[in-house]
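# Observations on chain architecture
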Amino acid sequence: QVQLVESGGGLVQAGGSLRLSCAASGLTFSNYAMAWFRQAPEKEREFVAAISRSGLTIYYAESVKGRFTISRDNAKNTVYLQMTSLKFEDTAVYYCAADPRLITGSRTAQEYDYWGQGTQVTVSS
């Protein structure tokens, strides 16, 4: 079965950096568009970034554009989220998501069938 396991979260000061990883198993990774979403306490889950199967098409939320970079290594079945210039408002549980029907990815959570368990990112101000 498909499993997505996030890692790399933690506590960081504002202005700092973190790199999240999402290791996938039980799937042909290169056939899946991948994405990162996040959910802060008492808020809706929101889109962060998405990457196409090939890695050539990438989308970002406006709130993270220029600070976050999504990438993937199809040989390692892993998608990454490099986060820099972190802000207090980036504090959330970060989830990776995957779907085989999407080619270029989507900003809509409902379009992803598979989700990881999440990793907590806390940015202190």
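Everything below is about the structure printed above this text.
Okay, so let's go over this structure.

A tally of helices and strands in the chain yields 0 helices and 11 strands. Starting at the N terminus, the α and β elements of the chain follow one another as β-β-β-β-β-β-β-β-β-β-β. Relative to the 2.2 N^0.38 estimate, which gives 14 Å for 125 residues, the radius of gyration of the chain is 13 Å and therefore close to what a compact globule would have. Considered along the principal axes of its C-alpha atoms, the chain spans approximately 40 × 25 × 25 Å. Considering only contacts within the chain whose residues lie at least 6 apart along the sequence, 60% involve residues at least 24 apart. Surface summary for the chain: the accessible area is close to 6,300 Å², and the carbon and sulfur share equals 47%. Both charge centroids of the chain, one from 12 positive and one from 11 negative side chains, sit 6 Å from each other.

The tendency in soluble globular proteins is for nonpolar side chains to be buried side by side. Membership of the largest hydrophobic core comes to 39 residues, with the highest contact counts inside it found for M34, W36, L81, M83 and Y94. Of all elements in the fold, only β3 (18-25), β4 (33-39), β5 (46-51), β7 (68-73), β8 (78-83), β9 (92-99) and β11 (119-124) reach the threshold of two or more residues within this core. Apart from the residues lying within four places of it in its own chain, the contact partners of Y94 are E6, L20, W36, F37, R38, V48, F68, L81, M83, G118, T119 and V121.

Across the sheet, 4 strands lie side by side as β1-β3-β8-β7; this open sheet has antiparallel pairing. This sheet does not close on itself; its edge strands, each paired only once, are β1 (3-7) and β7. Pairwise comparison of adjacent strand axes, ignoring direction, gives a mean angle of 15° for this sheet. By the bridge criterion, 6 bridges tie β3 to β8 in an arrangement that is antiparallel. Bridging from a neighbouring strand, C22 pairs with V79 of β8.

A one-sided burial pattern is seen for β11, the buried positions being T119, V121 and V123 and the unburied ones Q120, T122 and S124. Pairing of β9 with β11 involves 3 bridges; the strand directions are antiparallel. Residue pairing for β11: V93 is matched across the bridge by Q120.

Criteria and thresholds
Residues numbered from 1 in each chain as written. Predicted model: local features only at pLDDT ≥ 70, side-chain atom pairs only at ≥ 80, totals over all residues. Heavy atoms only, no water. Helix = DSSP H or I, 4+ residues; strand = E, 2+ residues; numbered from the N terminus. Rg over C-alpha atoms; globule rule 2.2 N^0.38 Å. Contact = heavy atoms within 4.5 Å. Areas by Shrake-Rupley, 256 points an atom, 1.4 Å probe, with all protein chains shown as cover. Lys, Arg positive; Asp, Glu negative; His and termini not counted. Charge placed at Lys NZ, Arg CZ, Asp CG, Glu CD. Core = buried A, V, L, I, M, F, W, Y, C linked by side-chain atoms within 4.5 Å. Buried < 20%, exposed > 50% of the residue type's maximum accessible area, 1.4 Å probe, protein only. Pairing = 2+ DSSP bridges. Axes fitted to C-alpha atoms, helices over the stretch in contact; angles between N-to-C directions.

None of this, on its own, says anything about what the molecule does.
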